[in-house]
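Residue-level structural notes
So the chains spell out like this:
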Amino acid sequence: MTSAGPLSWRTGAGWIVLAGGGRSQADLWEELDSAILGWAVPGRAIAAIVTAPEILADAEAALEAWAELGGSTGYVVDLSAQPDERSADNWELLAEAGLVYVAGGLSVAHLLDRLKATSTLEAIELAFESGAPVVAASAAAETMGAWVD
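Residues numbered from 1 in each chain as written. Predicted model: local features only at pLDDT ≥ 70, side-chain atom pairs only at ≥ 80, totals over all residues. Heavy atoms only, no water.

1. A word on the packing of aromatic side chains
What the rule picks out here adds up to 3 aromatic pairs. When the ring of W15 is compared with that of W39, the centres are 4.2 Å apart and the planes differ by 15°; the resulting orientation is stacked. Taken together, the residues W15 in the loop between strand 2 (7-9) and strand 3 (16-19) and W39 in helix 1 (residues 26-39) connect sequence positions 24 residues apart. According to the relative accessible area criterion, W15 is partly exposed, its value standing at 46%. W39 gets classed as partly exposed once you look at its relative accessible area, which sits at 28%. Judged by centre distance (5.6 Å) and plane angle (80°), the rings of W66 and Y101 are edge-to-face. In this pair, W66 sits in helix 2 (residues 56-68) while Y101 sits in strand 6 (residues 99-102), placing the two residues 35 residues apart along the sequence. For Y101, a relative accessible area of 0% corresponds to the buried category. (Phe/Tyr/Trp six-rings, centres within 6.5 Å; stacked < 30°, edge-to-face > 60°. Helix = DSSP H or I, 4+ residues; strand = E, 2+ residues; numbered from the N terminus. Buried < 20%, exposed > 50% of the residue type's maximum accessible area, 1.4 Å probe, protein only.)

This is the structure:
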């Protein structure tokens, strides 16, 4: 952990971006999208994590916005269902991502349950250590805030 004053955060080569409100707040995201994409690891895919079907549109909007700005290929890592045989594939995709977006969710408790049900947090940490920014919105920002400290 790195710290300054009362704050501490994970040590890694990437950025940690915690943003209140979902992608529905277009004015906030218009300013952030270019900066976030500039911090992404070039040539590596963008991963958008979804923990509930209701937030799939949010994740797809993020991937579309970054694609329009010239970002790498993106994909959705769907954790809304119970973990299954695809979890190993999801882990590898996340660990090798050049940018990880954690879409907002129903609640912080739900997000934590879904993230802890798999080794997702470990894969996110590997991506972050290798330079990928980790971006979390809405309830996900609160969830990842706990991961940071």
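2. Re the sheet that holds strand 5 (residues 74-78)
Backbone hydrogen bonds hold the strands of a sheet together, and the pairing may be parallel or antiparallel. Taking strand neighbours across the sheet as the criterion, the 5 strands line up as 3-7-6-4-5 in an open arrangement whose pairing is parallel. The open sheet has two edge strands, strand 3 and strand 5, and neither has a second partner. Here the average twist between neighbouring strands, direction ignored, is 15°. With 3 bridges connecting them, strand 6 and strand 7 (residues 134-137) associate as parallel partners. For V102, the partnering residue across the bridge sits in strand 7 and is A136. Running over the sheet, helix 5 (residues 120-129) touches strand 3, strand 4 (46-50), strand 6 and strand 7 and is turned about 140° from strand 6. (Pairing = 2+ DSSP bridges. Axes fitted to C-alpha atoms, helices over the stretch in contact; angles between N-to-C directions. Contact = heavy atoms within 4.5 Å.)

3. Observations concerning the confidence of the model for the protein chain
Chain-level statistics for the protein chain give a pLDDT mean of 81 and a share of 83% at 70 or above. The lowest-confidence element of the protein chain is strand 1 (residues 2-4), averaging 52 in pLDDT; the highest-confidence one is strand 6, averaging 94. (pLDDT = per-residue confidence, 0-100.)

4. Notes on the side chain of T120
Here T120 shows up in helix 5. T120 gets classed as buried once you look at its relative accessible area, which sits at 5%. Discounting residues that sit within four places of it in the chain, T120 has contacts with I49, L79, L94 and L115.

5. Describing unusual backbone geometry
Positive phi values are uncommon outside glycine, yet S138 reaches one of about 55°. Among the secondary structure elements, S138 is positioned in the loop between strand 7 and helix 6 (139-148).

6. Considering the packing of helix 3 (residues 87-95) against helix 5
Between helix 3 and helix 5, whose axes approach to 7 Å, the crossing angle comes to 25°. By the criterion of interaxial angle, the relationship of helix 3 to helix 5 is roughly parallel. Crossing handedness for the pair helix 3 and helix 5: right-handed. Between helix 3, through W91, L94 and A95, and helix 5, the contact on the second element is made entirely by T120, E122, A123, L126 and A127. Looking at the contact of helix 3 with helix 5 residue by residue, the classes come out as 6 nonpolar, 1 polar and 1 charged. (Parallel < 35°, antiparallel > 145°, perpendicular 65-115°, else oblique. Left-handed = near helix turned anticlockwise from the far one by under 90°. Nonpolar A, V, L, I, M, F, W, Y, C, P; charged D, E, K, R; others polar.)

7. Structural notes on the side chain of D58
Note that D58 resides in helix 2. For D58, a relative accessible area of 15% puts it in the buried group. Within polar-contact distance, the side chain of D58 engages the side chain of Y101 at 2.6 Å. (Polar contact = N/O pair within 3.5 Å; in protein donor to acceptor, adjacent residues only side chain to side chain.)

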